[in-house]
Amino acid sequence: MKILEIASMVITIIGFVATIIFGILPLHERMDRMEEAVLLKHFTIIHPTDNTIVESSEVINGRTPFLTLNHYILSAPMETNDVYVQDGPLKVSTGGRWVGVVKFDNADAGKKFLVQAVATKAVLPHGLLTKPPGDALYSEAITLVKRE
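Residues numbered from 1 in each chain as written. Predicted model: local features only at pLDDT ≥ 70, side-chain atom pairs only at ≥ 80, totals over all residues. Heavy atoms only, no water.

Engineer: I'm lost on the pairing of strand E5 (residues 84-87) in this one. Help?
Structural biologist: Within a regular strand, the side chains alternate between the two sheet faces. Across three bridges, strand E4 (residues 70-77) lies against E5 in antiparallel orientation. Within E5, the position partnered with Ile73 by the bridge is Asp87. Where E5 meets strand E8 (residues 127-128), two bridges bridge the pair, whose relative direction is antiparallel. Bridge assignment links Tyr84 to a residue of E8, and that residue is Leu128. (Pairing = 2+ DSSP bridges. Helix = DSSP H or I, 4+ residues; strand = E, 2+ residues; numbered from the N terminus.)

Engineer: What is the right way to read the layout of surface pockets from this model?
Structural biologist: It is a probe the size of a water molecule, rolled over the atoms, that shows where empty space is left. Reported here for the largest pocket is a volume of approximately 300 Å³. Around the largest pocket, the lining comprises 16 residues; the ones closest to its centre are Tyr84, Gln86, Lys103, Phe104 and Asn106. The residue inventory of the lining of the largest pocket, partitioned by class, reads six nonpolar, six polar and four charged. Along its surface, the second largest pocket is lined by Leu74, Ser75, Ala76, Asn81, Val83, Leu114, Val115, Gln116, Leu129, Pro132, Tyr138 and Ala141. The residue makeup of the lining of the second largest pocket, split by class, is nine nonpolar, three polar and no charged. (1 Å grid on protein atoms, 1.4 Å probe; cavity = no way out; pocket = protein on both sides within 12 Å on 5 of 7 lines; lining within 4 Å. Points joined across faces, edges and corners; volume = space filled by probe spheres on them. Nonpolar A, V, L, I, M, F, W, Y, C, P; charged D, E, K, R; others polar.)

Engineer: Explanation requested: the confidence of the model for the protein chain in the structure shown.
Structural biologist: The predicted coordinates should not be examined in detail at positions where pLDDT is low. Across the protein chain, the average pLDDT comes to 82, with 78% of residues at 70 or higher. Least confident of the elements in the protein chain is helix H1 (residues 2-41), whose mean pLDDT is 59; most confident is E4, at 95. (pLDDT = per-residue confidence, 0-100.)

Engineer: Would you explain the pattern of salt bridges in this entry?
Structural biologist: Think of it this way: side chains of opposite charge can pair up when their charged atoms draw near. The full count for this structure, using the stated rule, is two salt bridges. Of the charged contacts in the structure, one is a salt bridge between Arg147 and Glu55, with a shortest N-O distance of 2.5 Å. Of the two residues, Arg147 is situated in the segment after strand E10 (142-146) and Glu55 in the loop between strand E2 (52-54) and strand E3 (57-63); the sequence distance between them amounts to 92 residues. Assessed through its relative accessible area of 42%, Arg147 is described here as partly exposed. (Salt bridge = Lys/Arg side-chain N within 4 Å of Asp/Glu carboxyl O. Buried < 20%, exposed > 50% of the residue type's maximum accessible area, 1.4 Å probe, protein only.)

Engineer: Looking at this structure, I do not really get the packing of aromatic side chains. What am I missing?
Structural biologist: The way to describe two aromatic rings as a pair is by their centre distance and the angle between their planes. Per the counting criterion, the structure on display carries two aromatic pairs. A centroid spacing of 5.6 Å and a plane angle of 85 degrees characterise the contact between Phe43 and Phe66, whose relative ring orientation is edge-to-face. Of this pair, Phe43 sits in the loop between H1 and strand E1 (44-47) while Phe66 sits in the loop between E3 and E4, placing them 23 residues apart in sequence. Accessibility classification places Phe43 together with Phe66 in one group, the buried group. Measuring from centroid to centroid gives 4.4 Å for Phe104 and Phe113, while their planes differ by 35 degrees, and the two rings are tilted. Comparing Phe104 with Phe113, the two get one shared label, buried. (Phe/Tyr/Trp six-rings, centres within 6.5 Å; stacked < 30°, edge-to-face > 60°.)

Engineer: Explain unusual backbone geometry to me, please; I cannot follow it from the model alone.
Structural biologist: With the exception of glycine, the majority of residues adopt a negative phi angle, and the majority of peptide bonds are in the trans configuration. In this model, His47 is joined to Pro48 through a cis peptide bond whose omega is 0 degrees. Here Pro48 is to be found in the loop between E1 and E2. We note that Asn51 has phi near 65 degrees; this positive angle belongs to a residue other than glycine. Considering the arrangement of structural elements, one finds Asn51 in the loop between E1 and E2.

Structure below.
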């Protein structure tokens with residue numbers, strides 16, 4: 001009888017510990033995802049604002065929480081959706097501010113572009129982005145229109 005009680009108590013304890021471990025692991029993963037979502041909200045373009053009409057080049061500035069990563073400005077003409085690495089790696093201040101330039105030299109007037117910043121461990125060459133880095137973190141995209 002004693003052996004059965006001890007075995008039952010051991011099985012109960014193991015079940016309790018397993019429930020705690022398997023219950024906490026998904027919670028930890030959910031917390032990591034929530035933390036990343038909060039950080040991404042702080043990865044933003046401050047200037048210019050969405051739907052701004054711009055000249056052939058425009059100074060872009062923003063903020064980031066990803067101080068140790070390389071930052072780049074990306075642009076994509078809406079008519080083609082090709083993505084171009086415009087500027088970078090950008091210098092990021094200790095406060096998380098960054099500044100760069102996007103250029104639309106050969107673009108026709110009135111063309112719309114999606115512009116966003118990307119943070120990555122990778123070093124990206126200037127020009128057409130053929131393969132986005134697997135660890136890329138993106139700011140929200142804004143639309144810029146080249147002045148007519």
